[in-house]
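Residue-level structural notes
Chain residues, written in single-letter form:
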Amino acid sequence: AGEAPPRPDPQRPARPRAPASDSATPMPRVSHIIESPAHPDLTGLCETQGYRRLVFNTQRKAISSLKSAPPDLLVADFFYGYGNNYAGANVSNLDVLLHSLRRFAPDARIVVLADRGQIRHIPKLAELFPLHAVVGVPASAAELEAALG
């Protein structure tokens, strides 16, 4: 009638199984937008803090994912808009992204990474959006851990 299941090959090690996930407590999601070469590598930190990390190299891709995969935490690079439209209608490169985040993930915490020379412009952004943390880059591991925690 039926065939016996295949026997494991003793020459090949068994594949480790992924741990069963607890559907009642899904891993929190972090959307990580990397637009600067100074952006720190947060891979290990996100892993140790239990985040499912979604990495984007453009804000457009991050925005398109917000509806289907709203993050619990958003980490993005800040660039102040000197003398372009940012200085008029928008404060920085993050305005459009953060407006979209407000719509699709209103409870998401926002961590902004900024060059230390641009941190003085962050209060303008903070007037428009609630920021969980602002980190000057380069940053120490302790500063990053505190911001993501």
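In what follows, the structure referred to is the one given above.
Residues numbered from 1 in each chain as written. Predicted model: local features only at pLDDT ≥ 70, side-chain atom pairs only at ≥ 80, totals over all residues. Heavy atoms only, no water.

Burial analysis of strand 5 (residues 133-137) places four of its five residues in the buried class, which makes it a mostly covered element. Here strand 4 (residues 109-115) pairs with strand 5 via five bridges, running parallel. In the strand pairing of strand 5, V112 is matched with V134. (Buried < 20%, exposed > 50% of the residue type's maximum accessible area, 1.4 Å probe, protein only. Helix = DSSP H or I, 4+ residues; strand = E, 2+ residues; numbered from the N terminus. Pairing = 2+ DSSP bridges.)

With that settled, consider unusual backbone geometry. Note the cis peptide between V137 and P138, where omega equals 5 degrees. Mapped onto the elements of the fold, P138 is located in the loop between strand 5 and helix 6 (141-148).

Moving on, we come to the sheet that holds strand 4. Working definition: the strands of a sheet are paired by backbone hydrogen bonds and lie parallel or antiparallel to each other. In space, the five strands of this open sheet follow the order 2-1-3-4-5, with parallel pairing throughout. Of all strands in the sheet, those with a lone pairing partner are strand 2 (52-56) and strand 5, marking the two edges. Geometrically, the sheet is characterised by an average inter-axis angle of 20 degrees between neighbouring strands, direction not taken into account. (Axes fitted to C-alpha atoms, helices over the stretch in contact; angles between N-to-C directions.)

Our focus in this paragraph is the pattern of salt bridges. Enumeration according to the criterion identifies one salt bridge in this entry. Between R116 and E143 there is a salt bridge, and its shortest N-O distance comes to 3.6 Å. With R116 in the loop between strand 4 and helix 5 (122-126) and E143 in helix 6, this pair connects stretches of sequence that are 27 residues apart. (Salt bridge = Lys/Arg side-chain N within 4 Å of Asp/Glu carboxyl O.)

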